Amino acid sequence: MTPKYLLKRLGQAILTFLVTMTVSFLLYQAMPGGPTEAMRSVILSQSGGSVDIDRLNRMIQLYTNVNPDQPMHVQYFNYASDVILRQDLGTSFFKNEKVTTLIMQRIPWSMFISVYALALGYSLSIFLGVMTAYREKSRFDSTVSSLIIGLNSIPYYIVGVVLIYFLAIQNNYFPTGGRIGSGITAGYNPEFMLSLVKHAALPAISMGALATSGALAMRGNAIRVLGEDYIRVAQLRGLRETRIATQYLGHNSILPMYTQFMIGIAGVFSSAVIVEEVFAYPGMGLLMFEAVKTQDYPLLMGTLIVFTAISLTAIFIADLTYTLIDPRISVGEE
Amino acid sequence: MSEAHSDTFDLKDLYDEDIDPDPESRADRAKRFLEMNVVAPARIAVDDWRALVGGAILAFFLLMGTVGVWLVERPTSGDAPVLAAPFESLAYPLGTDVFGQPIHAQLIHATPGMFKMIFAGAVVSVGFAALVGVVAGFEHGTRIDSFLMTITDVVITIPGLPLIIVITAIFQPENPYIVGVFLGIDNWPGLARTVRSQVLSIREESYVEASEIMGIPLSSILRRDILSQLMPYVMINGALTSRRIIFESVGLYFLGILPFTTFNWGVMMNLAYEGNALTRPDMLPWMVAPMVCIFLLSFGLVLLSQGLDSLFNVRLRARHAKTSKKKGTSKNNQSQATGGD
């Protein structure tokens, strides 16, 4: 694990965060009619009555951290220092609460389903990819490959709708939405845990469906690795099948997939917006959806920035593990 | 042309394929063009069922979006009884929705908008990706390369869907082309990276090096050697990008984030889902029909992308092209003479 590699990746993550923050600032400015006009009606409908322009600007400053009075670079500097130094993303128009407070309440729920979706989807695609490659051209291979192609043609939110229909409405195995059953006290009791898992299962599965898109690429990689000499040597040495499959085949075919998996993390996290709305699962995605519906711009920008921050953190953590599995990194080259 | 026959011909002229040392008749040229570009691909496509099925599905939807729109009237509320069951009347074979609009007509009139979105999104993302990838690959190791790749990495790691949601929520695009362009914003970086790595490996090939030594201008090398090699990747990724654009646009309409101005499969799903179609069997066709359409269209695109993969496979192509060229030996000589590049 060389510090140079990690520093470079960290720098990239910070740069990405700054870019997202700048984009969100620019989007405030690019709103049709400028920030003042765009937010006037929203704020007026909240406070009622008429507001003079100075007061309106002060209110915009209060809610969004952007003051349309000041010159552009001062606005940007103030906005950036609020976000970075004070972790202040403004105040929600509708709920009249700090955006960070609102988001913090929701983060654990989104993380809960996203992490399980990632674990489920990625382990399934690695497993299926290696297995189908190992039995290339068998009936198992063609069936599983066709199934994967079919699954990749269904949007994850439709997977969710189908799951709700068959497992929650036709048969009562799972609840149709929400995050815990009503009348269950929170704590370390079995009913609470079971209810938690049951509510999270379907959203996690439908998001996980998105993450299985790597299975075919994994199969292609594994087939290429199967043709390598060291696999043949391993077979000739009489090593056990399981050892060849995991340590020789699995390990070497995952390496080229790693970047794809890391890019996929951002995709799976963002899919929460649609999946949480389908399942009425009150996480960050649903918060963002509500913000769109109510034109709650500070909350909308806040969720975008936090979504980026979470994805970047997750990708950075994945990077740390990459240095563990790829020996070339620790030698010092990329 | 006479220069090519003189003793002191320029290497550049030899390379230039417009100057033919032994001009063939127009009919021969047309025949060869057909064989190279139509017959051989068609033969492979017939052998490869995936390309055939994928192409057929895509052609079906294209017909639906062009001829279908013209044949089937634009649905309005009250056209037919409310919530009629499917497969009972010829006037509404897939049944009707709560407003009495025939479902099949809604599906058909949503298709043109869908294709406009796919077209705009695929052109923007694939074009941008190819441009960035080729330039970065050719300027490998320079500041331009690292600048372009930094931008690519930044865009890759920004979560695309929330970004698009924020942008569409603010600008409320109604034109399907603009929706497509917005959706293309986060779709290009992956392909740009692939193109760059392909350019890097093609650059190492001896024939590109030879062209460089011969002093062929960079633009010609790019056009003749690199772009033609990259086309397969661009086509395959174009099909996959189209699938992503379908998923995302229908998803945004399904959420109700994009304004409901036209017929769209996602809008149908949204209205049905909000009306609790899942618990009401009589409303189910309204929900299922657009879902089937989305599945079929993206299934067609995935199959096509896999079929294209084998279509562009050089060895497979050569085998099929050879079988069609058995008869004329003179043509073989000619292709040897001209096929120097």
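Residues numbered from 1 in each chain as written. Chains lettered and ligands numbered in written order. Predicted model: local features only at pLDDT ≥ 70, side-chain atom pairs only at ≥ 80, totals over all residues. Heavy atoms only, no water.

A. Region of interest: the pattern of salt bridges. Residues and elements named next belong to chain B. Under the counting rule described, the total for this entry stands at eight salt bridges over all chains. Here R193 makes a salt bridge to D153, at a shortest N to O gap of 3.1 Å. Linking R193 in helix α9 (residues 189-203) with D153 in helix α6 (residues 143-157), this pair joins segments that are 40 residues apart in sequence. One salt-bridge network, held together by shared partners, links D186, R244 and E248. (Salt bridge = Lys/Arg side-chain N within 4 Å of Asp/Glu carboxyl O. Helix = DSSP H or I, 4+ residues; strand = E, 2+ residues; numbered from the N terminus.)

B. Structural view of helix α6 (residues 139-152) of chain A. Helix length check: α6 of chain A, at 14 residues, gives a terminal C-alpha distance of 20 Å against a target of 20 Å (1.5 Å per residue), a fit within 8%. Residues of α6 of chain A that are buried include every one of D141, V144, S145, I148, I149, G150 and N152 of chain A, and no others. (Expected span 1.5 Å × (residues − 1). Buried < 20%, exposed > 50% of the residue type's maximum accessible area, 1.4 Å probe, protein only.)

C. Broad picture of a nonpolar patch on the surface. A cluster of nonpolar side chains, namely L7, L10, I14, L18, I84 and L85 of chain A, defines an oily patch on the protein surface of about 560 Å² accessible area. With relative accessibility at 64%, the residue L85 of chain A sits in the exposed group. (Patch = residues over 30% accessible without salt bridge, like charges linked within 9 Å, V, L, I, M, F, W, Y side chains within 5 Å. Areas by Shrake-Rupley, 256 points an atom, 1.4 Å probe, with all protein chains shown as cover.)

D. Empty space enclosed by the protein, seen in detail. All names here are of chain A. According to the stated counting rule, one finds four cavities of 30 Å³ or more in the structure shown. Size it by volume and the largest cavity reaches roughly 50 Å³. Along its surface, the largest cavity is lined by I107, S110, M111, S114, F269, A272, M284, F307 and I310. Secondary-structure elements contributing two or more residues to the lining of the largest cavity are α5 (99-134) and α15 (297-325). Looking at the lining of the largest cavity element by element, the count peaks at four residues for α5. Residue composition of the lining of the largest cavity, grouped by class: seven nonpolar, two polar and no charged. (1 Å grid on protein atoms, 1.4 Å probe; cavity = no way out; pocket = protein on both sides within 12 Å on 5 of 7 lines; lining within 4 Å. Points joined across faces, edges and corners; volume = space filled by probe spheres on them. Nonpolar A, V, L, I, M, F, W, Y, C, P; charged D, E, K, R; others polar.)

E. Focus on the interface of chain B and chain A. Of the residues lining the interface, 41 residues belong to chain B; the matching set on chain A comes to 46 residues. Here chain B and chain A share an interface that buries about 3700 Å² over both sides, 80% of which is from carbon and sulfur atoms. Contact with chain A buries area across many residues of chain B, yet I170, L255 and L278 of chain B alone supply 17% of it, more than any other trio. At the boundary of chain B and chain A, one finds zero salt bridges. Of all the elements in the fold, those that place two or more residues in the side of chain B that touches chain A are α6, α7 (160-171), α11 (218-255), α12 (265-274) and α13 (284-311) of chain B. Of the residues contributing to the side of chain B that touches chain A, the split by class is 30 nonpolar, eight polar and three charged. (Contact = heavy atoms within 4.5 Å. Buried area = accessible area lost by both parts, 1.4 Å probe.)

F. Summary view of the side chain of E276 of chain A. Residues and elements named next belong to chain A. Relative to the helices and strands, E276 resides in helix α13 (residues 272-278). Despite being buried, E276 has no salt bridge partner; R106 is the closest side chain of opposite charge, sitting 6.1 Å away. Within the structure, the side chain of E276 is placed 3.5 Å from the backbone nitrogen of G283, a separation counted as a polar contact. The residues touching E276, leaving out its near neighbours within four places in the chain, are S110, I113, Y281, G283, M284, G285 and L286. (Lys, Arg positive; Asp, Glu negative; His and termini not counted. Polar contact = N/O pair within 3.5 Å; in protein donor to acceptor, adjacent residues only side chain to side chain.)

G. Expanded view of the environment of I118 of chain B. Residues and elements named next belong to chain B. Along the chain, I118 turns up in helix α5 (residues 103-138). Considered as a pair, I118 and L218 are 100 residues apart in the sequence and their alpha carbons are 32 Å apart. Once you skip the residues sitting within four places of it in the chain, I118 turns out to touch S242, I245, I246 and L297.

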